[in-house]
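Close look at the chain arrangement
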Amino acid sequence: MDALTLHRLHFAFTITFHYLFPQLTMGLALLILVLKTMALRTGNEHYHHAARFWARIFAVNFAVGVVTGIPMEFQFGTNWSRFSRAAGGVIGQTLAMEGVFSFFLESSFLGVFLFGEKRLSPKAHWFAAFLVFFGSWLSGFFIIATNAWMQHPTGYRLGAGGEILLTSFAALFTNPWLFWQYLHNMTGAVVTASFVMASVGAFYLLSHTHEPYGRTFVRVGVIAGTISSFLMAFPTGDGQGKNIAFHQPVTLAAMEGLFHTENGAPLAILGQPDTEKHRLDNPLIVPNALSFLTYQRWHAEVRGLDSFPRDVWPDNVQLLYYSYHIMVGLGTIFTGLMALAAFALWRGTLYRSRRLLWLVMLMLPFPYIATTAGWMTAELGRQPWLIYGIMRTPTGFSPHVSAGNVLFTLIGFMGMYTILGILFLFLIHREIEEGPEHAA
Amino acid sequence: METTWFCFVALMLGAYVVLDGFDLGAGVAHLLIAHSDDERRAVLRSIGPVWDGNEVWLLAAGGTLYFAFPALYASSFSGFYLPLMIVLWLLILRGISIEFRNHIESLVWHPFWDAVFAGSSALLTIFFGAALGNVVRGVPLDHAGDFFLPLWTDFTAGPEAGILDWYTVLVAIAALLALTAHGALWLALKNRGVLHARARVLASIVWWAVLAAVITITLVSFHVQPHLQQSFDARPWAYAFPLIALVGLFSMKIMNATGRDKEAFLSSCAFILGMLTSVAAGLYPYVLPSSTDPALSLTIYNTAAARYGLEVGLFWFIPGMLLTSAYFIYTYRSFAGKV
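Presented here is an overview of the structure given in this document. (Residues numbered from 1 in each chain as written. Chains lettered and ligands numbered in written order. Predicted model: local features only at pLDDT ≥ 70, side-chain atom pairs only at ≥ 80, totals over all residues.)

In a regular helix each residue adds 1.5 Å, so 28 residues correspond to 40 Å; helix α13 (residues 307–334) of chain B covers 40 Å between its end C-alpha atoms and thus fits that length. At Leu314 of chain B, α13 of chain B shows its maximal bend, which comes to roughly 35°. Taken together, the buried positions of α13 of chain B are occupied by Gly309, Leu310, Gly313, Phe317, Gly320, Thr324 and Thr331 of chain B. Check the buried side of α13 of chain B and you find it contacts α3 (81–115) and β2 (164–166) of chain A together with α1 (2–33) and α3 (51–68) of chain B. (Helix = DSSP H or I, 4+ residues; strand = E, 2+ residues; numbered from the N terminus. Expected span 1.5 Å × (residues − 1). Bend = angle between axes of the 7 residues up to and from the residue. Buried ≥ 20, exposed ≤ 12 C-beta atoms within 10 Å, placed from the backbone. Contact = placed C-beta atoms within 7 Å.)

Here you go:
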């Protein structure tokens, strides 16, 4: 394998594994805050136990998120030195701000939150939980600001030697890409956490253990899951889709598998893109729907891949197409299932409906798959650019780090993360087995 | 402006070494002074609520380096590729050894993670020391400001050197010793009884080795990197930094011997900060000297980001650091006293 492919795989592997954890951290931080609020308002010890249980899971998840997050920041320099040299003066701002404003906040108050409940008043402890939530969402904000700049660079000019010079600090945060991408991503984190909570609750109800907690977890998870699943599609997914349509039209064409420009473009539900013959095989389509979703007109023109030079096409149209369709397909299923579960909850039948509880429980891995597919859509969609329109991916990696060295460390990370994943599942399994009333 | 950011990054790295240094050192001391499970729990409790925040200084310093000196970040991180990756793996192992250890009560689980914690802590101090040695010695930079170093070659400190040569290994050993003493003094400060006594004894024995190592590396550093002498000649006031280190070093011994734990630990902080600031002052304005042609060296001027970015950075960096100091004062206050 050549060095470029290995550098890309190295980043892809480590970021994909890493993001399995922060998405739960960010979503769960919000749901723990909800449980803490319920505990504070009702004074009921039940909610305190529930919050402590999720705080224990949060702690393990957070630890893995931290240790797998450190390599991400290092890799900009180790594996992508040309990119860092050119763009460090711009994205270094947002990355350094993440360290200074969110990591210190999170790490300081996570300790207070996890170890300080006996020492602090209930309100002060609620506030520590709030600061952990705030720190993690702020961290997400700076990371998305960084990615949004790579997707849609703003506030810069090019220097004489090709270096990218920051001209407007404010532009980093008023980037139109940032708003929807941030909301879409954070809503996705809430979807993951809601499904995890509901799934554990459903497991307790189905196995007749810790049932009072099972009911709480299912209730909170289903309500939060319903709200967040709908918000995923509209307005955040819709807003993000329009960003792509207006700023990366070739990406939209590739995502949708639209090879030819059409007035009244169809929306492909299923089908396999054939980039040789420029067509979608076995298509299942909704006529004119893509035109309507993009421009609110049934016969608006949507540009197909054919209308762009081949060298600006995303370099892996097929994988981009599948990633996007997996994300949207799963998102649709989530909305449907959660609407059904919320209806049963409202009717008061959910806790007894074993079939529905089975579905809720088995949904656990799918939000992780959906968010991963979503990020693959964003990152593959940006190709062939590392910084959209400015820097191509093959010009960004470290020229002196040979393929052999990258493969060595990629294998190292694969081994390390396999062990980490096994340990994580083992510890989480034990926490779930022992249940909420087990003292830590 | 470049000098201001050089000082900020140096201070953040200094804060990292002093703060994470004591929990790394506690890791090195872990198996040496804590024998029973209760004692080992006490060692971990002594760093429990703060180690993660201490480690954030490394991330924040890295981020600040990235933003203020992107060309230095790009060159050094890709050039030190292999040791940095090993550092990352060690940080992962160490982080989970602290977090996962107490989740399961078992005579197999605990000793395993104790060994991982001690081993990864010791290796990290060695790698950080070697990194410092490499920055002082210089690396074979090319005209584009890039280089790549293998882990070792023939162990000479010449232009064909690897990450590890006789000089950088010496600095690595000095770092291991200095942080072991630093960690032992922290454990003495936070513990009572037998653990307190053993920590003090460890610190006082290691102190002699630290003294020997400091004398040796001071002498050879001026030989390996002639620029140090030129810097101190040009700015004699910079001798204040090695003086701080010297005062810290001896006060550390006296305070430990007379049982003043807090003063001994603070002296060790002064010693470490004095050593690091001496290096920074000795290298300035270089940030990564070239071991082949001095003209190819990376300086604060040829690696800094554009002026607008550096200026606008001050507006968020200074308030951010004030906030951070407030968190740390709050956390350490609420964690004050023996565990």
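Time to look at the interface of chain B and chain A. Contact with chain B, which involves 48 residues of that partner, is made by 46 residues of chain A. Broken down by secondary-structure element, the contributors of at least two residues to the side of chain B that touches chain A are α3, α4 (70–79), α5 (81–100) and α13 of chain B. It is α5 of chain B that provides the largest number of residues to the side of chain B that touches chain A, a total of 12 residues. Its residues placed into classes, the side of chain B that touches chain A shows 31 nonpolar, 14 polar and three charged. (Nonpolar A, V, L, I, M, F, W, Y, C, P; charged D, E, K, R; others polar.)

All names here are of chain A. Within the element layout of this structure, Val302 appears in strand β6 (residues 301–302). Once the C-alpha coordinates of Val302 and Ala245 are considered, the two residues, 57 residues apart in sequence, prove to be 8.9 Å apart. The residues contacting Val302, other than those within four sequence positions of it, are Leu258, Thr261, Glu262, Ala265, Leu290, Ser291 and Thr294.

For the rest of this paragraph, the subject is the packing of helix α1 (residues 3–42) of chain A against helix α4 (residues 122–151) of chain A. In a pair of packed helices, the angle between the axes and the distance between the axes together describe the arrangement. All names here are of chain A. Interhelical geometry of α1 versus α4 gives an angle of 160° and a closest axis separation of 9 Å. Between α1 and α4, the angle is such that the two are roughly antiparallel. Here α1 and α4 pass one another in a crossing that is left-handed. From α1, Thr25, Met26, Ala29, Leu30, Ile32, Leu33, Lys36 and Leu40 reach across to α4, where they touch Pro122, Lys123, Trp126, Ala129, Phe130, Val132, Phe133, Ser136, Trp137 and Gly140. Considered class by class, the residues forming the contact of α1 with α4 number 13 nonpolar, three polar and two charged. (Axes fitted to C-alpha atoms, helices over the stretch in contact; angles between N-to-C directions. Parallel < 35°, antiparallel > 145°, perpendicular 65-115°, else oblique. Left-handed = near helix turned anticlockwise from the far one by under 90°.)

Glancing now at the pairing of strand β5 (residues 279–286) of chain A. Residue and element names in this part refer to chain A. Across six bridges, strand β4 (residues 267–274) lies against β5 in antiparallel orientation. Along β5, the bridge assignment pairs Asp274 with Arg279. Hairpin geometry of β4 and β5 is characterised by an intervening segment of four residues between the two adjacent antiparallel strands and by a positive phi of about 55° at His278. (Pairing = 2+ DSSP bridges.)

The omega torsion across Phe234 of chain A and Pro235 of chain A is 5°, close enough to zero to call that bond cis. Checked against the element boundaries, Pro235 of chain A lands in helix α7 (residues 211–247). The omega angle of the peptide bond from Tyr284 of chain B to Pro285 of chain B is 0°, so this bond is cis rather than trans. Located in the positive-phi region is Asn288 of chain A, a residue other than glycine, with phi close to 65°. Tracing the sequence through the fold places Asn288 of chain A in the loop between β5 and α9 (289–295).

A few words on the nonpolar core. Judged by nonpolar contacts, the single largest core of 262 residues is most densely connected at Ile32 and Trp54 of chain A together with Ala175, Ala184 and Leu187 of chain B. The element best represented in this core is helix α7 (residues 166–190) of chain B, accounting for 18 residues. With near-sequence residues (within four places) excluded, Ala175 of chain B lies in contact with Thr125, Ile126, Phe128, Gly129 and Leu132 of chain B. (Core = buried A, V, L, I, M, F, W, Y, C linked by C-beta atoms within 7 Å.)

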